[in-house]
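# Reading the structure
Residue strings, one per chain:
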Amino acid sequence: IAPDHVLPAPDEIYVYSPLGTAFKVDSCADGYGKNSSLVTIFMIWNTMMGTSILSIPWGIKQAGFTSGIILILLMGILTLYCCYRVVKSRQMIPLTDTSNWEFPDVCKYYFGSFGQWSSLLFSMVSLVGAMVVYWVLMSNFLFNTGKFIYNFVHDINVTDIVPGTNGSNKVICPSDAGDHPPQNRSVMFSSGNRTGFELFEEWWDKSRTVPFYLIAVLLPLLNLKSPSFFAKFNVLGTVSVVYLVFLVTVKAAHLGIHLEFNWFTENEFFVPEFRILFPQLTGVLTLAFFIHNCVITLLQNNKNQENNVRDLSIAYFLVGLTYLYVGVIIFASFPSPPLSKECIEQNFLDNFPSDDIMSFVARIFLLFQMMTVYPLLGYLARVQLLRQFFGNAYPSLFHVLILNLAIVGAGVAMARFYPNIGGIIRYSGATCGLAFVFVYPSLIYMISLHRAGQLTWPALITHIFIILLGLANLIAQFLL
């Protein structure tokens, strides 16, 4: 636990969601903070580096290696520009003190109650989407962790009955195991009580039982009036990302590089460099680079306000570099042959068996981090929704319980029937990204230029094109 004296003041505590979004535990009360540029850059990097990093290698596989790299660079530049427009949006409002405004306030100024309610809606999509992704990932990590511990304690040698490589650095292909009936996809080969093992397999199932076990732990925590204690664990977000980069580097060093360039044709082990499924990566990247609804708040704490654009650009560059490194290294080192690149999972940790020590440590890190952040996300969803409707973030235990049951129910249902984090992230990303990344920043900029009599045809065409890109991004998620 981070001690109190190294924590920022309460108004500077941020919660990092897996969708790459920061939410403040309490609203900023004293305007500008005193963070240096270095701290500001790190905060933005840390905020955007959500667990969507786990889906980047899968996204590159869906788009193709070359087009995946190009898309990460282009989406980074496009989302940075839209973020820049968000940062500048307050300064284009005349004769009004906007020093304490957030981006939803700017939306309300330009679009009235529609801007206020639509920004609330898309913010809730982002929050609930984050909580659903968390539940799916926590179920996954808890299942694999429990399986590792049970096998270790009972001295059971279990091998996954899925295609995989041999040797100490085993890589598996769970998606090729669809014909095998056992949900947990494992078979016991040596010592241990077979009846006890089969009982464990029945009661410790990734989708049928484990998502429900989490309810007993997390539902009571969601009902706390103020779970700000959990904000002390936010440092685990940084530790998890740094450890994932370390894990990727070590695995790649052992596995080597396995690349073959086929520009448009697919073969048994490799995917083309350019694929029609590329919008699946752009959907994930919309959320991977998503910081637009809170970037104003983050930059308010920068000591040197004149450096805001520079610091934001450096932070985006570092985020893009991290995504590129993890995505490219995992894709390039994935052992093809004997396995096909198509085997890369939506959560790349699923390509390592449950008895892999380094992956076990990563899952423990991420599981604990998520279990501490999840109540904070629930608290923020409650504050945004209930305060809007009832004027009180905690109108009664009954109101809070009904809301939390709905959110938890959505997470359990997804973990049970659609445990695909890449899919959930890209749908959530394209939906709330349409509003906060593409439409609102561009519309606000065009309206402000028009009111000032400075709107030109190139500016109009460029920003309409950005809006159409965001719309196409959303529509493509449902077509592919």
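Residues numbered from 1 in each chain as written. Predicted model: local features only at pLDDT ≥ 70, side-chain atom pairs only at ≥ 80, totals over all residues. Heavy atoms only, no water.

Going by an unreviewed UniProt entry, the protein chain carries the name Neutral amino acid transporter 9 and comes from Leiothrix lutea. Under the Sequence similarities (unreviewed entry) heading, UniProt states for the protein chain: "Belongs to the amino acid/polyamine transporter 2 family. SLC38A9 subfamily." (UniProt positions renumbered as here; feature names shortened; annotations may be inferred.)

So, about the confidence of the model for the protein chain. Averaged over all residues, the pLDDT of the protein chain is 84; the fraction at 70 or higher stands at 88%. Of all the helices and strands in the protein chain, strand β1 (residues 14-16) carries the lowest mean pLDDT, 48, while helix α14 (residues 457-479) carries the highest, 96. For the stretch residues 15-23, pLDDT sits under 50, and the model shows 58 contacts to residues farther than four places along the chain or on other chains. Below a pLDDT of 50 lies the segment residues 25-32, which in the model reaches 23 contacts outside its immediate sequence neighbourhood of four places, other chains included. (pLDDT = per-residue confidence, 0-100. Helix = DSSP H or I, 4+ residues; strand = E, 2+ residues; numbered from the N terminus. Contact = heavy atoms within 4.5 Å.)

What the rule picks out here adds up to 1 disulfide. Each sulfur in the disulfide pair C173 and C343 lies 2.0 Å from the other. Disulfide C173-C343: the torsion about the S-S bond is -80 degrees, which places it as left-handed. Of this pair, C173 sits in the loop between β3 (158-160) and β4 (186-188) while C343 sits in the loop between α10 (308-333) and α11 (357-390); the two residues are 170 residues apart in sequence, bridging distant segments of the chain. The class for C173 is buried, based on a relative accessible area of 0%. Residue C82 stays outside any disulfide, its sulfur separated by 8.6 Å from that of C83, the closest cysteine. With relative accessibility at 0%, the residue C83 sits in the buried group. (Disulfide = S-S within 2.5 Å. Buried < 20%, exposed > 50% of the residue type's maximum accessible area, 1.4 Å probe, protein only.)

With glycine set apart, most residues show a phi of negative sign, and most peptide bonds adopt trans. The omega torsion across S336 and P337 is -20 degrees, close enough to zero to call that bond cis. Within the fold, P337 resides in the loop between α10 and α11. Here the amide bond leading from P337 into P338 is cis, since omega sits at 15 degrees, within 30 degrees of zero. Positionally, P338 belongs in the loop between α10 and α11. Its identity as a non-glycine residue notwithstanding, L95 has a phi of 60 degrees, on the positive side. In this fold, L95 is placed in the loop between α3 (65-89) and α4 (103-153).

Below, the discussion takes up the nonpolar core. Core analysis: the biggest nonpolar cluster contains 125 residues, and L54, F348, L349 and Y374 have the highest contact counts within it. Element by element, the count of residues in this core is highest for α4, at 19 residues. The contact partners of Y374, leaving out residues within four places of it in the chain, are M131, Y134, W135, M138, L218, L222, I407 and V408. (Core = buried A, V, L, I, M, F, W, Y, C linked by side-chain atoms within 4.5 Å.)

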